[in-house]
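# A structural walkthrough
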Amino acid sequence: MAVEYSWPKKADAKVLGTEHDRLDGAAKATGAAKYTYDHTPAKLLFARGLGCPHGHCRILDIDVTAAEKAPGVVHVHVLQKPRVGDDGKPIQPEIEWEGELLAIVAAETEAAAAEGVAKIKVDFEPLDVFVDDEDLEAAEKAKRTSKGGGKVQLEKEPGDDEDEDEFAEKEVNRLLGEAKHVVEGYYGIRPITHCCLEPHGSVCAWDGDKLDVHLSTQNVSGTDEQFANALKVAAGDVHVQCQYIGGGFGSKFAADYWGIACAEIAKATGRPVRLMLTRDQELKLGGNRPSGYLKVKLGADENGVVTVWDSQHWGTGGARGGVVGHGVIPYVYRPKNYRRVATAIKTNCAPSRAWRAPDHPQACAISQTAYDDLARVMGADSLDIFRKNLANIESNQKAEVYAAEMDIAAKLMDWKAKWHPHGKGPAKGSVVEGLGMAIHTWQGVAGNSNCMLRVHPDGSVESFCGTQDLGTGTRTVCAMVLAETFGIPVESVKVNIGSSKYPESGPSGGSTTVGGVSESHRRAGQEALAKLAEIVAKKLEIDAATVVARNGRVGSKDDDAKTMSWKEACSLLGHKALEVTASFRRGAEGTPLSGAGVGGVQMAHVAVDRETGVVRMKKFVAVQDMGLIINRKLAESQVHGAMIMGIAYALFEERITDPETGQFLNAELADYKLPRLGDIGELVVELYEPESERARGVIGLGEPPVIGPGAAISNAVCNALGVRVPVLPLTPKRVLDALAKAKA
Amino acid sequence: MKRITGDAPSGRVASGFSRREFLRGSGAAAAATALVGAGEVAAGAQDADKGDGVARGKITVVLDVNGAKHEVQAEPRTTLLDALRNQLHLTGAKPVSTDPSSGAATVLVDGKPACAASMLVLQAAGKKIQTVESLGGTKLDPVPAAFVSADAEQCGFCTPGFVVAVRAFLNEHPKATDDEIRSGLNGNICRCGTYANIIRAIAIVRGG
């Protein structure tokens, strides 16, 4: 009989939805958890890369003679070697961003590797540098732009003989002319980095032709083949492991060329090698998020419903171009008439990488600020405007859910009592306060995942899955799903993850992991239980269809006398473990275990000092739906973390690049400003899980709550000051500049 | 064509601050040397001691870590963090930044919080060093226990540094107010955003 996959009802769930402690919590809190950076096998060589000091240059020569002679240096691996081509002409590598690794030194100690790096001599030919991503005109003049796509959507259609572009121009202008309220706005958000606290890197060791890699990765099952392909060995001969990873945020999907080089150096020296990026290299190379700047004219009717949106936006994803996709503009809200166009700018900065909810935080920050400016221009309550415009949205979530979440958020924020029109609040000395909000959406569909499960005759349960734990609590989630399924304690399930030798599981990106592993583990669990049920039913002489596993017992769901302990039931397996492998493929239709599409509402309360320009968080409310909650405590942690990362990019962090040299000027933690414990104010999280949402199954939660903070906080600052500070992060200087400009 | 030739600007050496500056200050000329105070180097500084108080080359230093004595091989430039992690395999303290700006390498030195990434082994010799590992084992210290129950950790890379910093803070301020907690622990960085739960964890240990 085919097993029907399902989750227990909320009232029946014993483990799901509870606040179970993270299973590896103590290991992490006492230093016992071993990260890639912590692996120090015997005879380890310490490797360090030499980063290019120029934003744009050609490499004429690399001389490693002195480096090779440095005490303790064992091997120097040149990555960007100038050479002579077959035609006799010199081939000199062109480097397009600062920090790109040119060579790697492996030595007996970290200090010796650093000394070796310092002794490498490089001849550079500097080339023109372009890094200004905010000045679109200058970028066009410098021929650094490319089309990023766009779309025109109008209620009226052009006549047969009309030129479409001309019609659109006329129609947009007509709509703007007829609008009761018009907002002309400019908004921006600067590039930021992933800034993983554990930098990218690996420890590589060979045993004959077999390669063992400890890799700081959010893609355990996908990186073994990357190493194998690059090193021309069989994929089965590469073993990638990652038990713990010190941050990824979308930047650690690849083996990366420095990972391949680490393996090559290990091969060349016959010794294990550890190569981790240095802090400045991590910020320069480890990943960054594209910037976004947007100019818009929007028109609205007398009720504040936006009738027309006309925007162009631009930004940079670094040296490979790239820009926030036009498809997410304006964000969530989608008026009946709009014209949007995107332009990508190529700069001499490292290529961007996926950053938690790619494109969404920027899109939200540069477009929902315009919706708030509509409230400002009208002297209306922002909540009112955000609510009314739910009439026109394009989202993964329904308008009713947003409306319900707005009500909850407003109550938690005490919005009604605290609200004042923009710039009209009371001042305490030079400090004014304000409220702002934003809404967001994400798909969060479950990713591919396979789970191999063993139920042993002694009652122990172990699972194997090639997934990883970014910090979400993947191990705990897997154990909870199996514990719920078998009616046994969470601690009694041994979860094995973090190895490419385990059944394949998808990369942890796009909020796909908890959905994916919940699918594979629940499926495996239910399949195993069905098999066990048959054996138990036979022994107890009951119908297998009536067998349930709960409270540590297996047997009749109606008659307690016809049950046995979990251990007893497993002992019926004989001498062999029951082994089940279950598979979930992303996008499987009609699965009752996972769903897709969430929304969320965030409200920020800030205090701004008009004299110093300092913005302080007072209170920040997030209401978030995510389908079925596996672990309430871990889910709340995800939302907290996203809110704080949001505070970081809203108020503190940005990559600052020297326009002359292309150098990343603040690529150390002393200079790359991040919020500290005292900077976050009061955070309030409400997980919205009515039966209608829970019934959709598990949906990813990692990305969505990180989307709204930029717009919510910017809107709160605007509400406090009555003046828009256009570009994030809202540093004291930008606040003071905006105030000065408004005065002038 | 403009050409630039010279030492590749690698930025910083492993010890995190400019070794050149340090040496200039000490007046030593050789690359791997540092001034040592009498009695700091506990053992085997054979090729180090020329009677001028300058340590040279690789020497054996005895470190008092978590109540036990350990011999480590150190050059004058070797940081405490490097020795703890790469020789004693005490990897709780993390190499997040070379200066103390992240707090991830926080250990207790004679009971006071210190940054193991910017302290030399020679400076640590003769002092009582306590790492996060001393708060674990069979009897979990209340601070890491509270980090678990408050879920004050995500990726966990900053967590050991935070745990030690919180332990030190509460040793000094067992009755810290909420405001003191929020202003007293700004030396550590968490990227995943666990601050709210760290505040909760501290409140659990403090009580009330």
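Residues numbered from 1 in each chain as written. Chains lettered and ligands numbered in written order. Predicted model: local features only at pLDDT ≥ 70, side-chain atom pairs only at ≥ 80, totals over all residues. Heavy atoms only, no water.

## Quick notes on the overall build of chain A
- Across its full length, chain A carries 19 helices and 32 strands.
- Relative to the 2.2 N^0.38 estimate, which gives 27 Å for 744 residues, the radius of gyration of chain A is 28 Å and therefore close to what a compact globule would have.
- For the C-alpha atoms alone, the extent of chain A along its principal axes is close to 85 × 70 × 65 Å.
- A burial count over chain A gives 63% of its 744 residues as buried.
- A total accessible area of about 26900 Å² is found for chain A, and carbon and sulfur atoms account for 48% of it.
- Averaging the coordinates of the 86 positive side-chain charges in chain A and doing the same for the 100 negative ones gives two points 3 Å apart. (Helix = DSSP H or I, 4+ residues; strand = E, 2+ residues; numbered from the N terminus. Rg over C-alpha atoms; globule rule 2.2 N^0.38 Å. Buried < 20%, exposed > 50% of the residue type's maximum accessible area, 1.4 Å probe, protein only. Areas by Shrake-Rupley, 256 points an atom, 1.4 Å probe, with all protein chains shown as cover. Lys, Arg positive; Asp, Glu negative; His and termini not counted. Charge placed at Lys NZ, Arg CZ, Asp CG, Glu CD.)

## As for the domain arrangement of chain A
Residues and elements named next belong to chain A.
- Domain parsing of chain A yields domain 1 (25-33 + 447-584), domain 2 (37-128 + 200-276) and domain 3 (288-444 + 595-743).
- Distance from the C-alpha centre of domain 1 to the C-alpha centre of domain 3: 40 Å.
- Contact with domain 1, which involves 13 residues of that partner, is made by twelve residues of domain 3.
- It is Thr472, Met480 and Ser511 in domain 1 that bury the most area against domain 3; as a group they hold 52% of the surface buried on that side.
- The tally of links between domain 1 and domain 3 comes to zero salt bridges.
- Where domain 1 touches domain 3, the interface holds four residue pairs in polar contact (both at pLDDT 80 or more).
- If you list the elements that add at least two residues to the side of domain 1 that touches domain 3, you get helix H13 (474-486) and helix H14 (513-540).
- If you tally residues by element for the side of domain 1 that touches domain 3, the top one is H13, at four residues.
- A breakdown of the residues in the side of domain 1 that touches domain 3 according to their chemical character gives four nonpolar, nine polar and no charged. (Domains from an automatic or database assignment. Contact = heavy atoms within 4.5 Å. Buried area = accessible area lost by both parts, 1.4 Å probe. Salt bridge = Lys/Arg side-chain N within 4 Å of Asp/Glu carboxyl O. Polar contact = N/O pair within 3.5 Å; in protein donor to acceptor, adjacent residues only side chain to side chain. Nonpolar A, V, L, I, M, F, W, Y, C, P; charged D, E, K, R; others polar.)

## A word on the sheet that holds strand E7 (residues 112-115) of chain B
All names here are of chain B.
- Strand order across the open sheet formed by five strands is E5-E4-E8-E6-E7, with mixed pairing between neighbours. Bordering the open sheet on either side are strand E5 (68-74) and E7, each of which pairs with just one other strand. For this sheet, the mean angle separating the axes of adjacent strands, direction not counted, is 45°.
- Direction of pairing for strand E6 (residues 106-109) relative to E7: antiparallel, over a ladder of four bridges. Residue pairing for E7: Val107 is matched across the bridge by Ala114.
- Contacts between helix H5 (residues 159-172) and the sheet are confined to E6 and E7, with E6 contributing the most and set at about 40° to the helix. (Pairing = 2+ DSSP bridges. Axes fitted to C-alpha atoms, helices over the stretch in contact; angles between N-to-C directions.)

## Overview of the confidence of the model for chain B
- Across chain B, the average pLDDT comes to 82, with 74% of residues at 70 or higher.
- Across residues 36-48 of chain B, where pLDDT falls below 50, the model places 25 contacts with residues more than four positions away in sequence or in other chains. (pLDDT = per-residue confidence, 0-100.)

## A few points about the interface of chain A and chain B
- Chain A puts 71 residues into the contact, and the matching count from chain B is 67 residues.
- Around 5600 Å² of area is buried between chain A and chain B when both sides are counted, 56% of it from carbon and sulfur atoms.
- Considering only the side of chain A, the residues that lose the most area to chain B are Leu197, Arg676 and Leu677 of chain A, jointly responsible for 15% of the buried surface there.
- Our enumeration of links across chain A and chain B arrives at five salt bridges.
- Here Arg22 of chain A makes a salt bridge to Asp151 of chain B, at a shortest N to O gap of 2.6 Å.
- On the surface where chain A and chain B come into contact, there are 29 residue pairs in polar contact (both at pLDDT 80 or more).
- Broken down by secondary-structure element, the contributors of at least two residues to the side of chain A that touches chain B are helix H1 (25-29), strand E1 (45-51), helix H3 (110-118), strand E8 (121-126) and helix H16 (632-652) of chain A.
- With nine residues, the single largest contributor to the side of chain A that touches chain B is H16 of chain A.
- Residues that form the side of chain A that touches chain B fall into these classes: 36 nonpolar, 17 polar and 18 charged.

## Quick word on helix H18 (residues 709-721) of chain A
Residues and elements named next belong to chain A.
- Taking 1.5 Å as the rise per residue, H18 with 13 residues should run 18 Å; its terminal C-alpha atoms sit 18 Å apart, in good agreement.
- Most of H18 sits out of view: 13 of its 13 residues are buried.
- The first or second residue beyond H18 is Gly722, which carries a positive phi of 75°. (Expected span 1.5 Å × (residues − 1).)

## Notes on the packing of aromatic side chains
- Using the criterion set out here, one finds 13 aromatic pairs over all chains in the structure.
- Ring geometry for Tyr35 of chain A against Phe157 of chain B: centres 5.0 Å apart, planes inclined by 80°, an arrangement best described as edge-to-face. On the criterion of chain membership, the pair formed by Tyr35 of chain A in the loop between H1 and E1 and Phe157 of chain B in the loop between helix H4 (142-149) and H5 is interchain, its members lying in two chains. Here Tyr35 of chain A and Phe157 of chain B have matching classes, each one buried.
- Ring geometry for Phe162 of chain B against Tyr195 of chain B: centres 6.1 Å apart, planes inclined by 70°, an arrangement best described as edge-to-face. Of this pair, Phe162 of chain B sits in helix H5 while Tyr195 of chain B sits in helix H7 (residues 195-206), and the two are 33 residues apart along the sequence. Side by side, Phe162 of chain B and Tyr195 of chain B carry an identical accessibility label, which is buried. (Phe/Tyr/Trp six-rings, centres within 6.5 Å; stacked < 30°, edge-to-face > 60°.)

## What about the environment of Arg586 of chain A?
All names here are of chain A.
- Note that Arg586 resides in the loop between strand E28 (578-584) and strand E29 (598-609).
- With 71 residues separating them in the primary sequence, Arg586 and Gly515 have C-alpha atoms 9.6 Å apart.
- Those residues in contact with Arg586 that sit more than four places away from it in its chain are Gln443, Val445, Ala446, Gly447, Asn448 and Thr512.

## So, H3 of chain A
- Across the nine residues that make up H3 of chain A, a large majority, eight, are buried.
- Within H3 of chain A the residues assigned to the buried category are Glu110, Ala111, Ala112, Ala113, Ala114, Glu115, Gly116 and Val117 of chain A.

## Details of the packing of H16 of chain A against H7 of chain B
- For the pair H16 of chain A and H7 of chain B, the least separation of the axes is 8 Å and the interaxial angle reads 120°. When the axes of H16 of chain A and H7 of chain B are compared, the pair comes out oblique. In contact with Ser637, His640 and Ile644 of chain A of H16 of chain A, H7 of chain B contributes Tyr195, Ala196 and Asn197 of chain B.
- Partitioning the contact of H16 of chain A with H7 of chain B into residue classes produces three nonpolar, three polar and no charged. (Parallel < 35°, antiparallel > 145°, perpendicular 65-115°, else oblique.)

## Remarks on the packing of helix H6 (residues 220-231) of chain A against helix H7 (residues 256-269) of chain A
Residues and elements named next belong to chain A.
- For the pair H6 and H7, interaxial distance at closest approach is 10 Å and the crossing angle is 60°. Between H6 and H7, the angle is such that the two are oblique. Considering only the axes of H6 and H7, their crossing is right-handed. Contacts from Gln226, Phe227, Ala230 and Leu231 in H6 reach Gly259, Ile260, Ala263 and Glu264 in H7.
- Here the residues of the contact of H6 with H7 are counted per class, giving five nonpolar, two polar and one charged. (Left-handed = near helix turned anticlockwise from the far one by under 90°.)

## So, unusual backbone geometry
Residues and elements named next belong to chain A.
- The amide bond that connects Ile329 to the next residue, Pro330, takes the cis arrangement and shows omega of -15°.
- Its place among the elements puts Pro330 in the loop between strand E18 (306-316) and strand E19 (337-345).
- In this structure, the amide linkage connecting Leu728 to the following residue, Pro729, adopts the cis form with an omega of 0°.
- Note on placement: Pro729 falls in the loop between strand E32 (727-728) and helix H19 (732-743).
- In this model, Lys43 sits at a positive phi of 65°, which is unusual for a non-glycine residue.
- One can find Lys43 in the loop between H1 and E1.
- Residue classification places Lys43 among the exposed residues on the basis of a relative accessible area of 59%.
- Of note, Glu541 is a non-glycine position whose phi angle comes to about 55°, a positive value.
- Locating Glu541 in the fold gives a position in the loop between H14 and strand E25 (547-550).
- Take Glu541: its relative accessible area is 68%, and that puts it in the exposed class.

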